[in-house]
Amino acid sequence: MSEALLATEVAGTDSTVPAASGARQFWRRLRTQRAALVAAGVVALLVLVALAAPLLTALEGQDPTTYHPSLVDSARGGVPIGSLGGASADHWFGVEPQTGRDLFARLVYGARVSLGVALAATVVQVALGITVGVAAALGRRWVDQLLSRFTDVMVAMPLMIMALALLAIVPASFPRPVLVALVIGLIGWGNIARIVRARTLTLRELDHVAAARLSGWGTWSIARRELLPGIAAPVITYAALLVPTNITVEAALSFLGVGVKPPTPSWGQMLTAADVWYQAAPQYLLLPAGALFVTVLALTVLGDGVRTALDPRAASRLRVGTGRRRESKADAGGTA
C-alpha cells in the first residue's frame, strides 16, 4: 500500500464519538480481531526482549562486541567452528563469521536499535505533522498556502535518496542511531501533515469549535482542547502503520552502509555482512532476516487492526482473524 493511498484512507477515519465511549468501543472491536491480538503479543514480546537485552546477554554470559577468534576457522575464511554456526551452551545462536562475536547478543541488541530508531522516527514525524497540519488549517490563507506547498515538496521528496545524502555528509562522531531516527523523522512527516490539515479543516466548522471561538479562546487553546482529540484517531492509525515502514527504512539504510555503524549492532547492518555467508553460515543471514520479517509483519497486522477498530466501516485488508459477526456483537454490546 502506498503512503499516499494510506493517508487518504486514514483521513476518513471517524473520530466524532466522545473520548470515553470511543475508547471502550475501540477496545471491544480490537478484541474481536484475533490476528491483531496475536500481533500485539508478538510486538510486546519484541519490545520486552529489546529492553531486557543486557539481562538476556548477561544470562548467556556474552556481549555483542567481544571477538572470539578461536571459534572461527581462519583457514576456511573465518567460518564458525562446529555445527549450526558454532551454537553451544555458551553461544546459543552460534557466532558471527570472521569475528566470532555472539549472534544472540547482537540480535537482541539489534532489536533495541531497530525498534528504537523506528519508534523515535515515528514520534518526530507525528510531532512535526501535527504542528504543520494544524498551523496550516488554522493560519491565514498565505500561511496555509505556504505550509501546504512545503508539505507537498516533502511528500514528493524521495525518502531513501535524501536520507542517503544527509547521512553521508554528517560527521561520524554524531550518534548514528539518533541521526538515523532524526533523518527519517524530518523527511517523512508530510502525509501526517496532510491528514491533520484535512481533518482540522472539517472539525473547525463544527458548532462546539465555533462556540469556543466566540467565547474568546485563543487559536492554540482551541486546537489543544477541541481539535486535537478529534484528530487523534487518524493520526494514531497512520502512526501504527508507519512504524513498520520506518523499521524497513532503517534496515535498508544500514544495509547500504550509511545507517548504524559497527560495532553497534542492528538487523540491517547484520544483513549487510551476511550476504556472502548464506551458504557457509546460513543462520547469520536467516536470524536477522527472520527477526525483521516477524517484526514488520506483526506491526503491519497490528496497525491494520487498529485502523479497523477505529473505523468499523473499513474492512480489514488482511482478512485474517477478523469476523464481521464478532465486530457487530462488539458494537451492539457497546451501545446496549
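Residues numbered from 1 in each chain as written. Predicted model: local features only at pLDDT ≥ 70, side-chain atom pairs only at ≥ 80, totals over all residues. Heavy atoms only, no water.

> Which residues make up unusual backbone geometry, and what values go with them?
For Gln98, which is not glycine, the phi dihedral falls at a positive 70°. Mapped onto the elements of the fold, Gln98 is located in the loop between β2 (79–80) and α5 (103–138). Look at Gln98 and you get exposed, because its relative accessible area is 53%. (Helix = DSSP H or I, 4+ residues; strand = E, 2+ residues; numbered from the N terminus. Buried < 20%, exposed > 50% of the residue type's maximum accessible area, 1.4 Å probe, protein only.)

> Provide a residue-level description of the packing of helix α12 (residues 267–274) against helix α13 (residues 282–310), including the pertinent values.
It is the contact of α12 with α13, at a shortest axis distance of 9 Å, that shows an interaxial angle of 145°. Judged by the twist between their axes, the crossing of α12 over α13 is left-handed. Judged by residue contacts, Trp267, Met270, Leu271, Ala273 and Ala274 of α12 engage Tyr284, Leu285, Pro288, Ala289, Ala291, Leu292 and Thr295 from α13. Classifying every residue of the contact of α12 with α13 by side-chain character gives 11 nonpolar, one polar and no charged. (Axes fitted to C-alpha atoms, helices over the stretch in contact; angles between N-to-C directions. Left-handed = near helix turned anticlockwise from the far one by under 90°. Contact = heavy atoms within 4.5 Å. Nonpolar A, V, L, I, M, F, W, Y, C, P; charged D, E, K, R; others polar.)

> Any details on the side chain of Asn246? Residues and values, ideally.
Positionally, Asn246 belongs in helix α11 (residues 219–255). A relative accessible area of 1% places Asn246 in the buried class. The contacts of Asn246, once residues within four sequence positions are left out, are Ala118, Ala121, Thr122, Gln125 and Ile184.

> I'd like a description of the environment of Ile130, backed by residues and values.
Relative to the elements of secondary structure, Ile130 occurs in helix α5. On the basis of relative accessible area, Ile130 is assigned to the partly exposed category, the value being 23%. Ile130 sits 59 residues away from Trp189 along the chain, and the two C-alpha atoms are 8.9 Å apart. Look past the residues within four positions of Ile130 in its chain and what remains in contact with it is Ile192, Val196, Leu228, Ile231 and Val235.

> Account for the packing of aromatic side chains, naming residues and giving values.
Enumeration over the complete set of coordinates arrives at three aromatic pairs. Geometrically, the ring pair formed by Trp92 and Phe104 is tilted, given 4.9 Å between the ring centres and 55° between the ring planes. Of the two residues, Trp92 is situated in the loop between β2 and α5 and Phe104 in helix α5; the sequence distance between them amounts to 12 residues. For Trp92, a relative accessible area of 35% puts it in the partly exposed group. Judged by relative accessible area, which is 9%, Phe104 ranks as buried. Ring pairing ties together the aromatic residues Trp92, Phe93 and Phe104, which thus form one cluster. (Phe/Tyr/Trp six-rings, centres within 6.5 Å; stacked < 30°, edge-to-face > 60°.)

Note that all results are geometric; they support no functional claim without further evidence.
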